[in-house]
Amino acid sequence: MVSKTFLMVKPDGVQRQIIGDIISRFERKGLQLVGAKLMRVTTELAEEHYKEHKGKPFYENLIQFITSGPVFAMVWQGENVVDITRKLIGKTNPKDAEPGTIRGDYCLYVSKNIIHGSDSEESAVREISLFFNEDEILEYNKDIDVWIYK
Ligand code: DAT
Ligand code: MG
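Residues numbered from 1 in each chain as written. Chains lettered and ligands numbered in written order. Predicted model: local features only at pLDDT ≥ 70, side-chain atom pairs only at ≥ 80, totals over all residues. Heavy atoms only, no water.

1. Examining the environment of Val 75
Along the chain, Val 75 turns up in strand β3 (residues 71-79). As for Val 75 and Ile 115, which are separated by 40 residues in sequence, their C-alpha atoms are 13 Å apart. Excluding residues that lie within four positions of it along the chain, Val 75 makes contacts with Lys 4, Thr 5, Gln 32, Leu 33, Val 34, Gly 35, Ile 128, Phe 132 and Ile 137. (Helix = DSSP H or I, 4+ residues; strand = E, 2+ residues; numbered from the N terminus. Contact = heavy atoms within 4.5 Å.)

2. Concerning the site of ligand 1
Near ligand 1, the surroundings consist of Lys 10, Tyr 50, His 53, Phe 58, Leu 62, Arg 86, Thr 92, Arg 103, Val 110 and Asn 113. Lys 10 places a polar side-chain atom, nitrogen or oxygen, 3.0 Å from an oxygen atom of ligand 1. (Near = heavy atom within 4 Å. Polar contact = N/O pair within 3.5 Å; in protein donor to acceptor, adjacent residues only side chain to side chain.)

3. Focus: the pattern of salt bridges
Opposite charge on two side chains permits pairing when their charged atoms draw close. Under the criterion given, the structure shown has seven salt bridges. For Asp 96, the salt bridge identified is with Lys 95, shortest N-O distance 3.6 Å. Here Asp 96 falls in the partly exposed class, since its relative accessible area comes to 39%. A relative accessible area of 64% means that Lys 95 is categorised as exposed. Among the salt bridges present, the one from Asp 145 reaches Lys 142, with a minimum N-O distance of 2.8 Å. For Asp 145, a relative accessible area of 17% gives the class buried. Through salt bridges with shared partners, a single network forms among Asp 21, Arg 25 and Asp 105. (Salt bridge = Lys/Arg side-chain N within 4 Å of Asp/Glu carboxyl O. Buried < 20%, exposed > 50% of the residue type's maximum accessible area, 1.4 Å probe, protein only.)

4. Some words on the pairing of β3
A regular strand places its side chains so that they alternate between the two faces of the sheet. Burial runs high along β3: eight of the nine residues are buried. Across eight bridges, the pairing between strand β1 (residues 2-9) and β3 is antiparallel. Across the sheet, Val 9 pairs through a bridge with Phe 72, a residue of β3. The pairing of strand β2 (residues 32-39) with β3 spans seven bridges and is antiparallel. When the sheet's bridge partners are listed, Lys 37 is paired in β3 with Ala 73. (Pairing = 2+ DSSP bridges.)

5. A word on a nonpolar patch on the surface
A grouping of Ile 144, Val 146, Trp 147 and Ile 148 is seen on the molecular surface, where their side chains present a nonpolar patch of about 500 Å² in accessible area. Mapped onto the secondary structure, Ile 144 falls in the segment after α7 (121-131). (Patch = residues over 30% accessible without salt bridge, like charges linked within 9 Å, V, L, I, M, F, W, Y side chains within 5 Å. Areas by Shrake-Rupley, 256 points an atom, 1.4 Å probe, with all protein chains shown as cover.)

6. Let's talk about the UniProt feature "modified residue: Phosphothreonine" (unreviewed entry) in the protein
When the UniProt feature table is mapped onto this chain numbering, "modified residue: Phosphothreonine" (unreviewed entry) sits at Thr 92. Assignment of secondary structure puts Thr 92 in the loop between α5 (81-89) and α6 (102-106). A relative accessible area of 44% means that Thr 92 is categorised as partly exposed. (UniProt positions renumbered as here; feature names shortened; annotations may be inferred.)

This is the structure in structure tokens:
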């Protein structure tokens, strides 16, 4: 089923100037970028976004980190987009992430793991609405999709 997901290059990925490479990976897979912006995450937004982790030992660090510099927030659309993007991102801890995945290729520590991706359809809907207004998400046809979709 075609759906949408929320992806975000974290402050480490923005500083390391790999936004372009990250976008390319999703583009070449055949997924479609339907929303994007460079932005700062406020503490309030960070706490809402990561509320499932409140109380965990790494929570304060996580909030500090995600608010420490600009992030690049994106909405991507495609067939099985949540599962596919989680696979392309790789395991949460870069030491376990396979080579060829974003975390497997670009980072060393779980506390600086480059990118966020929604982990389910429900969290995708929730996170998209936290970060994007409806009018910031575009609907458009890509002619090349006849060579990608069944
Ligand atoms: P993911 O980002 O793969 O969805 P998660 O939702 O379990 O992973 O955790 C959110 C973020 O919190 C993760 O990207 C990095 C940080 N984090 C998770 N587990 C951690 C740990 N054990 N130590 C430090 N940071 C951690
Ligand atoms: Mg998560």
